[in-house]
Structures are given as C-alpha cells and as structure tokens.
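Letter by letter, the chains look like this.
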2 protein chains.
Amino acid sequence: MTRRTARDLRSDSRSAVLRAFFSLRTATRQELSQHTGLSVATVSTLVKEFLTAGVVHVEAVVSSGVGRPLEQLRLDPSRGYIVGVDVAETYVETTVFDLSLDPRGTVSVPLDEHQNSPQYVVDGIRLAVHGVLALAGVSTSSVVGVGVSLPGQVQPDLGVSVFAPNWAWHDVRIKELLTAELGMHVHVDNPLKAIAVAELWFGAGREHRDLAIVNLGTGVGSGLVINGELVRGVSNNAGEWGHTLLALDGRLCRCGRQGCVEAYVGVNGMKATLSEIQPDHPALLQQEQRRFVDAVYEGVVAGDPVFVELVDETARYLAASLGDLVNMINPEHVVLTGWTVARLGDWLIPLVRAKIPDAALRSSVAVLTVSASSLASSTVALGMSTLTLEHFLAAVGLPSRTGPAPAQQG
Amino acid sequence: MTRRTARDLRSDSRSAVLRAFFSLRTATRQELSQHTGLSVATVSTLVKEFLTAGVVHVEAVVSSGVGRPLEQLRLDPSRGYIVGVDVAETYVETTVFDLSLDPRGTVSVPLDEHQNSPQYVVDGIRLAVHGVLALAGVSTSSVVGVGVSLPGQVQPDLGVSVFAPNWAWHDVRIKELLTAELGMHVHVDNPLKAIAVAELWFGAGREHRDLAIVNLGTGVGSGLVINGELVRGVSNNAGEWGHTLLALDGRLCRCGRQGCVEAYVGVNGMKATLSEIQPDHPALLQQEQRRFVDAVYEGVVAGDPVFVELVDETARYLAASLGDLVNMINPEHVVLTGWTVARLGDWLIPLVRAKIPDAALRSSVAVLTVSASSLASSTVALGMSTLTLEHFLAAVGLPSRTGPAPAQQG
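Computed from a predicted model, the values in this text were never measured in an experiment.

### Brief notes about the sheet that holds strand β16 (residues 369–372) of chain B
Residues and elements named next belong to chain B. On the basis of which strands lie adjacent, the open sheet formed by 5 strands has the order β14-β13-β12-β15-β16 and mixed pairing. Two strands lie at the open edges of the sheet, namely β14 (229–230) and β16, each paired on one side alone. One ladder, built from 4 bridges, connects strand β15 (residues 333–337) with β16; its direction is parallel. Note that in β16 the partner of histidine 333 across the bridge is threonine 369. The strands that helix α6 (residues 191–202) touches are β12 (211–216), β13 (220–226), β14 and β15; relative to β12, the one it contacts most, it runs at about 130°. Packing of helix α10 (residues 305–329) onto the sheet brings it into contact with β12, β13 and β15, and relative to β12 it is tilted by some 155°.

### Describing the interface of chain A and chain B
Residue-level contacts link 69 residues of chain A with 70 residues of chain B. Here chain A meets chain B over a buried area of about 5,600 Å², counting both sides, of which 54% is carbon and sulfur. Run the count over chain A and chain B and you get 4 salt bridges. Across the pair Arg257(B) and Asp324(A) runs a salt bridge whose closest N-O atoms are separated by 3.0 Å. Along the contact surface separating chain A from chain B lie 36 residue pairs in polar contact (both at pLDDT 80 or more). Among the secondary structure elements, those contributing two or more residues to the side of chain A that touches chain B are α1 (6–24), α2 (29–36), α3 (40–53), β13 (220–226), α10 (305–329) and α12 (362–365) of chain A.

### A closer look at the pairing of β13(A)
Residues and elements named next belong to chain A. Within β13, 7 of the 7 residues are buried, which leaves the element mostly enclosed by the surrounding structure. Of the two faces of β13, the one holding Val220, Ser222, Leu224 and Ile226 and the one holding Gly221, Gly223 and Val225 are both buried throughout. Relative to β13, strand β12 (residues 211–216) is paired through 6 bridges, and the arrangement is antiparallel. By the bridge assignment for β13, alanine 212 is matched with leucine 224. What sits between the antiparallel neighbours β12 and β13 is a turn of 3 residues. Hairpin remark: β13 followed by strand β14 (residues 229–230), antiparallel, with 2 residues in the connecting loop; positive phi at asparagine 227, about 55°.

### Observations regarding the environment of Arg232(A)
In this structure, Arg232(A) sits in the loop between β14 and α7 (262–265). When the C-alpha positions of Arg232(A) and Lys193(A) are compared, they lie 7.8 Å apart, and in sequence the two are 39 residues distant. Dropping the residues within four chain positions of it, Arg232(A) is found in contact with Pro156(A), Asp189(A), Lys193(A), Asn237(A), Ala238(A), Leu387(A) and Asn330(B). For Arg232(A), the side chain forms a polar contact with the side chain of Asn236(A), separated by 2.6 Å.

### Some details on unusual backbone geometry
Despite not being glycine, Arg25(A) has its phi angle at roughly 65°, a positive value. Positionally, Arg25(A) belongs in the loop between α1 and β1 (26–27). For Arg25(A), a relative accessible area of 34% gives the class partly exposed. A positive phi is found at Asn236(B), a non-glycine position, where the angle reads about 65°. The topology assignment puts Asn236(B) in the loop between β14 and α7 (262–265).

### Notes on the state of the cysteines
All names here are of chain A. Tallied over the entire structure, the rule returns 0 disulfides over all chains. Free cysteine cysteine 260: the closest other cysteine sulfur is in cysteine 255, separated by 3.7 Å. Relative accessible area serves as the criterion here: at 0%, cysteine 260 is assigned to the buried category.

### Focus on helix α9 (residues 289–301) of chain B
Residues and elements named next belong to chain B. Between its first and last C-alpha atoms α9 spans 19 Å; for 13 residues at 1.5 Å apiece the expected length is 18 Å, and the two agree. All of the buried residues along α9 are Gln289, Phe292, Val293, Val296, Gly299 and Val300. The buried side chains of α9 occupy one side of the element, clustering within an arc of 120° when seen end-on. Buried residues belonging to α9 abut α8 (267–277), α10 and α11 (339–355).

### Thoughts on the domain arrangement of chain A
If you check the domain split of chain A, you get domain 1 (6–75), domain 2 (79–194 + 379–397) and domain 3 (206–372). Relative to domain 3 of chain A, the C-alpha centre of domain 1 of chain A lies at a distance of 40 Å.

### A look at the sheet that holds strand β15 (residues 333–337) of chain A
All names here are of chain A. In space, the 5 strands of this open sheet follow the order β14-β13-β12-β15-β16, with mixed pairing throughout. If you trace the sheet from one side to the other, it starts and ends with β14 and β16 (369–372), each paired once. Across 2 bridges, β13 lies against β14 in antiparallel orientation. Of the residues in β14, the one forming a bridge with valine 225 is leucine 230. On top of the sheet, α10 reaches β12, β13 and β15; it is set at about 155° to β12, its chief contact.

### Overview of the packing of aromatic side chains
Inspection of every chain in the model, using the stated rule, returns 12 aromatic pairs over all chains. For the pair Phe22(A) and Trp201(A), a centre-to-centre distance of 5.6 Å together with 65° between the ring planes defines the contact as edge-to-face. Pair noted here: Phe22(A) is in helix α1 and Trp201(A) is in helix α6 (residues 191–202), with a separation of 179 residues, a long-range link. A residue is classified by how much of its surface remains accessible, and Phe22(A), at 3% relative accessible area, is buried. Taking relative accessible area as the criterion, Trp201(A) reaches 4% and is therefore assigned buried. Pairing Trp201(B) with Phe202(B) gives two aromatic rings, centres 6.4 Å apart and planes at 40°, and the pair type is tilted. Note on accessibility: Trp201(B) and Phe202(B) belong to one class, buried. Each residue in the set Phe22(A), Trp201(A) and Phe202(A) is aromatic and connected to the rest through ring pairs, giving one cluster. Over the ring of Phe292(A) we find Lys271(A), and its NZ or CZ is 5.5 Å from the ring centre.

### Considering the relation of the copies chain A and chain B
Its rotation angle being 180°, the transformation that places chain A on chain B also includes 0.1 Å of axial translation and leaves an RMSD of 0.1 Å. Taken together, the turn and the small shift mark the pair as related by a two-fold rotation axis. Taking the C-alpha atom as reference, chain A places Ala247(A) closest to the rotation axis, 2.0 Å from it.

### Thoughts on the environment of Asn330(B)
Here Asn330(B) is to be found in the loop between α10 and β15. Under the relative-accessibility criterion, Asn330(B) is labelled buried at 0%. It is 5.8 Å that separates the C-alpha atoms of Asn330(B) and Ser364(B), two residues lying 34 residues apart in sequence. Reaching out from Asn330(B), the side chain makes a polar contact with the backbone nitrogen of Asn237(A) at a distance of 2.8 Å.

### Quick notes on the pattern of salt bridges
Per the stated rule, a full pass over the model turns up 33 salt bridges over all chains. With a shortest N-O distance of 2.9 Å, Glu176(B) and Arg173(B) are connected by a salt bridge. Salt-bridge contacts for Glu276(B) lead to Arg251(B); the nearest nitrogen and oxygen are separated by 3.2 Å. You can see Glu276(B) sitting in helix α8 and its partner Arg251(B) sitting in the loop between β14 and α7, a full 25 residues away along the chain. Classification of Arg251(B) by relative accessible area gives buried; the value is 13%. A single salt-bridge network, built from bridges that share partners, covers Glu89(A), Arg254(A) and Glu262(A).

Parameters at a glance
- Residues numbered from 1 in each chain as written.
- Chains lettered and ligands numbered in written order.
- Predicted model: local features only at pLDDT ≥ 70, side-chain atom pairs only at ≥ 80, totals over all residues.
- Heavy atoms only, no water.
- Pairing = 2+ DSSP bridges.
- Helix = DSSP H or I, 4+ residues; strand = E, 2+ residues; numbered from the N terminus.
- Contact = heavy atoms within 4.5 Å.
- Axes fitted to C-alpha atoms, helices over the stretch in contact; angles between N-to-C directions.
- Buried area = accessible area lost by both parts, 1.4 Å probe.
- Salt bridge = Lys/Arg side-chain N within 4 Å of Asp/Glu carboxyl O.
- Polar contact = N/O pair within 3.5 Å; in protein donor to acceptor, adjacent residues only side chain to side chain.
- Buried < 20%, exposed > 50% of the residue type's maximum accessible area, 1.4 Å probe, protein only.
- Disulfide = S-S within 2.5 Å.
- Expected span 1.5 Å × (residues − 1).
- Arc of directions from axis to C-beta.
- Domains from an automatic or database assignment.
- Phe/Tyr/Trp six-rings, centres within 6.5 Å; stacked < 30°, edge-to-face > 60°.
- Lys NZ or Arg CZ within 6 Å of the ring centre and 35° of its normal.
- Least-squares fit on C-alpha atoms with pLDDT ≥ 70 in both.

Listed below in structure tokens is the structure:
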C-alpha cells in the first residue's frame, strides 16, 4: 500500500482536534481551527461527530455582541471512563481516567514473576481493573475501553503478544482472553509505545514534533515521534534502540545477541560495568535491581570514586548510543524517562549532554536538547488510555468501516 | 510547532495526485480518486490547479455512453524542463527531464577533487547545466527548476551547504550563488535524500510504505521512508546510519568518530578488513576505489579464498549494522544501492539475507525483505528533479500561504 488515504487524513484531523481539546481544555470551533490549522468547516464536521458521540459538550455560549454567539466546547468527562493498565513482571498497575484523561484512582496488584501462564496474568489484570473501578466508584457499564500495556513485542491490531521474553510467551491471543474475562472493549500495546504517546500528547510532544523518548530501567528502549506522529514500524517494533549495537561481539544481551545497548546501560549492564571496575564490589551481591540503583545513587552522592566512575562510564555508553539514535533520526529533543533516570538523572543527564557532541554529527547536535521527562509517574497507564481514547473516537467517527459505533460498547 | 496543518494535508494530497500521474500515466479524475483514496472533489480542485499551471493537459475525452464524458488527463511534458544535478567529489553529472520526468539527455563534467572553492564548483555546475541544455535543445527560459545534490549536510530550506567534508565547506550559501550564476530557480539537497525520493516515487516506494534505502560506496548512508514519506529530521540529517556505531572504540572513521559503520562497510572499510586478513595483499596498493572493488569482484568470481573471506566478513558487518537499522525503524523493505552494490550485490545480498536473522528481532525480520534497487543509474538526478518538481507545484498551488483550506478533505 503506497497511498496515504483520505481515511488517514481524516484520522490525523480527528487526532489534531482531540489534542487541541487537551491543550486548550475549553475552546470554540474557531479556536480549534486556529490551534490545529484545519479549516472551520473541517473542525465543525469533526465536532459534530464528537457531540453526537457525547464525547464533547457545550459548556457555554458566549456572545461578543457582533455576529452569531459562539459555543464553548470541552471534552465531557462524564461521558465515560477509560482504564489504563501497566502490566510489568512483578505487578499490574491500573489507573482509571475520565474522558478528559484526568486520573480518578490507581491500584496495584503484585504478580509472582515465576508464574507465567496467560491465565495467571489475566487473573491479575482482572483483579486490578475491578479493584480500581471499585475504588473510583465507576461502574463497568460506563467504561468505554481498557488499554493494556504488555511487556515485549505486541501487535495491537491483532491483539497478540507476539513475544514476551519474561514469560516465554509466543503469539498469545491476549486481547481475546482479556475481552472474554473483562467483558469490556480491550486495546493492547507495548509500554514503550504507551510512554511515547503520553509524552507526545501531554509532555515534550507539546513543544516538539520530532522527538525520541528513551526509557532506562531493567530493559532499555525508545519511542520515536516523527512529524508529530508515533513511529510504529510495520510490526510495531520500531524504536528498539536498546537492541542496537554498541559493540560488535560485545557483552551478551538477554535478547541473545552480543553487544546491545541494553547490555551496557540497562541495570544489569551497569552491574557488569561495576564488575569490570571492581570485581569484588559488595553492591554486586544486591539481587534487587532498584536497590542496586539506590546504592549507586547513594555512592555518587557520597562521592565514592568507584560509583562516580561507574556513572561516568555509563554516561559514556549512553551518550554513544544516543549519538546513534540522533544520527539516525535527527530529533529536536530527547526525553529520558524510567526509574533509572528518576534516580540517577541528575548525574547522568549533564554528563550525557557534555559527551554527546563527540557521538553525533555537529549539525544534528546543534539543534538537539536533552532532558528528563516532565511527566509524573504512571505514564504507561496514561499513554494506554490515550491510545484507547483515540481508538474509541476513530470507531465513533467511522461507523461505516468498523461496524456500529462503540456507543453501545460497555 | 506541534500541529499538522491544513497546509501539510493539502501538500500531501498534491503529492499523492502527482505520484498517481507517474503511476497511471493517463487517468481520469475518478481514476486518480480511486488510486489516491482522495475524494473526487479534492482531486478536481488539485487537477484544476495543475491545469491552470499547464502541468497537466487533457489528452482525450471519453464517453461511456452513460453520464458525462470523462476527461483523460496526463502530465504535459512540453510545459517545461527540470535539470537534475549530481555533484560528487570528482564530477558533476546533469540530466535534463521533461515534466513527466522522462530523461532527455545527460552530461558529465569532471571536477578536480583538490580544488575546493565554491566558485570552482559553481563553475563546474554551470558548465554541466548549460551543456546538457544544449545537448537536449532546451532553452534556459523553459527550465522550471534546477535541482542540485551536494555531498555532505545540506539544509534545503536555507539553501545552505552546512558541511561538506570533502571540500571543507562550512555554511556555504550555495543556492544563492547558483541562482545568481544560472539565472534559474535552484533547489538544493543531499544525495541520500535524492536517492530516497527517487526510490520512493519510482522504485520500491511503489510497493512499500516503510522502507530504508541503503547506499554503499566510498561513503555509506541511508534514506528512511516511514508511512510513505521521506524522513528528514529537524536539520535534514536523518538516516546517517553510516555514522552509527558498529563497534565502540573501533576503527577510526573519516568523520572523526571511532567505530562507525562506514569504517567497516565503506570501500576504505573493506580495505581495512582485507589488511586484517592479509596485511601484504597486493590489492591494498590500489588507490582507485572503484578498481579496488573491481579486484574484489574478480577475486570472488575466481573463488580466491582471501576475497571470499573479505566479502563474507563485509556481509557480517553489513548484516549487523542493517540489523540495527531494522530494530530502530522496523521497515518492510531494505533497498541496497550504490556502486559497491552494483558490483558486489550478487554476493553480498544473499549473505546479508542469511545473516540478518541473528542481528534483529525475529518479529521484525519476519516481515522484512531485502533487495538491490531496481532503478537504473542517475537516481540522484532523478530524485533531485522529483524534489524540484514538487517544489514547483507547491509554489503553483499555493499563491498565498494562508489560502483557503480544503473543505473537501475526506
């Protein structure tokens, strides 16, 4: 398929209007037109769809004394709710959002990382979803969709977990299982796509059209935004920067390949670096990854030269691998996020800024900024809810293609 | 700027209709609508602009006996000409195209690679442009634009050669110089962007919306196409895959960084690999790069084990670095092009196909195809002419920047 269809253009316009509502909160059709660059006629057509679906309501009618009074519109938070679900190796965290994507409550349920059956994970998700709905006092029937992020490679269109290395899942039809279990509309995706969408709509994407969102934790990865749109690739795997080479024939990565970025800047990569600096360092005995990062943080704060060297070497690896990302996509901005960044960002980011000019083309570095994410936590749940809202609205706006509009769903 | 404007959408639609003309050659408004997915109303508006500008003409009027007779339209080759200019280190090659982008003649002028003043290069371009116009019997006044590809980093909007390492140019206002010298409308860009656009419009882009065009020669680089659109990045440097890391602290690259892909799979990289296999090999004395590649070709054809090992090791480096590209953007197709591929592709490509599954995510490799370009030579000139034609039409279609938006969208 080589053509950009009218449907794509229409879908772009719909997303643009929706994002404008998130930016402006309350707006007239004229203001939406100014904000999006779309014609008032196009905006009016889309607003009519949104009004019909009950997603938008008229908050006030204002008169300037000249011409027709103008309707001030906003997203209608009471139209329904969306549940964002972040499934990780050791927990399921759910957040319920109203249709303005304001959070209404969060619940976390632990998962035993040694249990890997789909049914076990589905049970955990069910508990966490029903728990958060009870907490927020939201009935199942008012949920327009549940957005579930799953680790590994996910194909949203097929609703399949293609590969989840932590559970050794291959081609699990997870959307089907969850839909049957929950009795609600379910949308699935990968956490990096969710984080990138959250950043695109509510974070750095408000300022930048071309950005990379880089997540550092146990695993490392990126989400790419080009021309204001999330890049998925043909099988939703774009952005797997964590599994690009830092060093041919280098350290063994848990993906099976040697020399991946993750084997140097993921938490186990940092442990490997520490073992090269001092093979008998006591912190290497720490099995819990977050505690290991805490120990690094405390060591750097205390000025311990071994930890200072570890952070410096990690920053060198990070700058080199971000340099590759910058040379490949030439973004305007790189956002760093994830729990390693939350803990060590104040040390890592200035070092990366200092080292990146040696790692990328000068005229690409000249236009680049690097910063920590300004979003609070739960960005996975927020991103999944955003994706689910977009899906809901796409179905609302295009009744002919996808059958009945999801006014009936839930 | 975070918004996708009506102007962007309109420009996408214009390109879609133009590409449809290149695919269909002759088409009615209804056929253009079917091919592009745009409404007949949108197509009619754009066709009207093209007719007014004289770019399209009515070739025939056909009647089916039912309803209104239909006009068969096509691009009007006699409306004007475009000159595509490929400026390399040792030559300027110019091809003149009519507005259907059919070539009408090619001229090549040698450049002394030790001369690096902008005026020297501009003089060479002027000679080659006037030469090819004389050859094709085209008058200066019928040229609607000259598209000039320059090595290194180029900013088309500013008309500036930001950095050309071979000439040690920094921020040369080359478009201004050329416009004054030629007295014609000039558009400048980088050869990888030109090759990618040629492939997008006339090669693999007809079949694939997500592709990477990988060029192998003295230098190596890529052009990226995502969702049917060329990725430029914020300073037109996207796709600099040749300067991503294969090996941290590895071989010194001519860009100054250590371990770049180019230092392994560029022609000098292949020489370095040969010197590791056999430090005193006579082929290492060959200074002329194309002759070196010829020697490799002849050696492999003859079954010489040293050259067989060289090609195998080069394919290993190439597969590893293409694996990174695949993990980053998850394309549907990788096109290999450039003179190394023209010579060694029959050996390199099957080896790369065999090795790439070890270098990239399984679910990304599963959807990937790799092939040599199907386009004939002069793709740089063809791509530059395509970009120049797009610019010409954008100017035709948008007499005022803030003109009326396409209310007919969708």
